[in-house]
Amino acid sequence: MITIKVNGENKELEKSTDIINFLKSNNIDPIGVTIEHNFEVINSESIPGIMLKDGDTLEILRFVGGG
């Protein structure tokens, strides 16, 4: 098991996975979100190649319109 922190909350994963699969398994569309991985904003082209490891931190930001 590995533990990561997502938006301030600890999440346990059975094994290391990449960010895209993590998002999909949590019903988060990777399009339309901004990801900060270990305090660094990553561009969308880099997301598929990043594996989550024990102790990693993710901030997932979704932008919504309003008026």
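What is the right way to read the environment of L52 from this model?
Its place among the elements puts L52 in the loop between strand 4 (40-42) and strand 5 (57-62). Classification of L52 by relative accessible area gives buried; the value is 0%. Taking C-alpha positions, L52 is 16 Å from I28, a pair spaced 24 residues apart along the chain. With near-sequence residues (within four places) excluded, L52 lies in contact with I2, I4, L13, S16, T17, D18, I19, F22, H37 and L58.

Help me out: how do you make sense of unusual backbone geometry in this one?
Note: most peptide bonds trans; most residues except glycine with negative phi. For N38, which is not glycine, the phi torsion reads 50° and is therefore positive. Take N38: it is sitting in the loop between strand 3 (33-37) and strand 4. Positive phi, normally seen in glycine, also occurs at F39, with a value near 70°. Position of F39 relative to the elements: it lies in the loop between strand 3 and strand 4.

Explain the environment of G32 here, please?
Position of G32 among the secondary structure elements: in the loop between helix 1 (19-25) and strand 3. According to the relative accessible area criterion, G32 is exposed, its value standing at 53%. Considered as a pair, G32 and R62 are 30 residues apart in the sequence and their alpha carbons are 6.5 Å apart. Non-local contacts of G32, meaning those with residues more than four positions away in its chain, are made with L61, R62 and F63.

Rules used in this analysis
Residues numbered from 1 in each chain as written. Predicted model: local features only at pLDDT ≥ 70, side-chain atom pairs only at ≥ 80, totals over all residues. Heavy atoms only, no water. Helix = DSSP H or I, 4+ residues; strand = E, 2+ residues; numbered from the N terminus. Buried < 20%, exposed > 50% of the residue type's maximum accessible area, 1.4 Å probe, protein only. Contact = heavy atoms within 4.5 Å.

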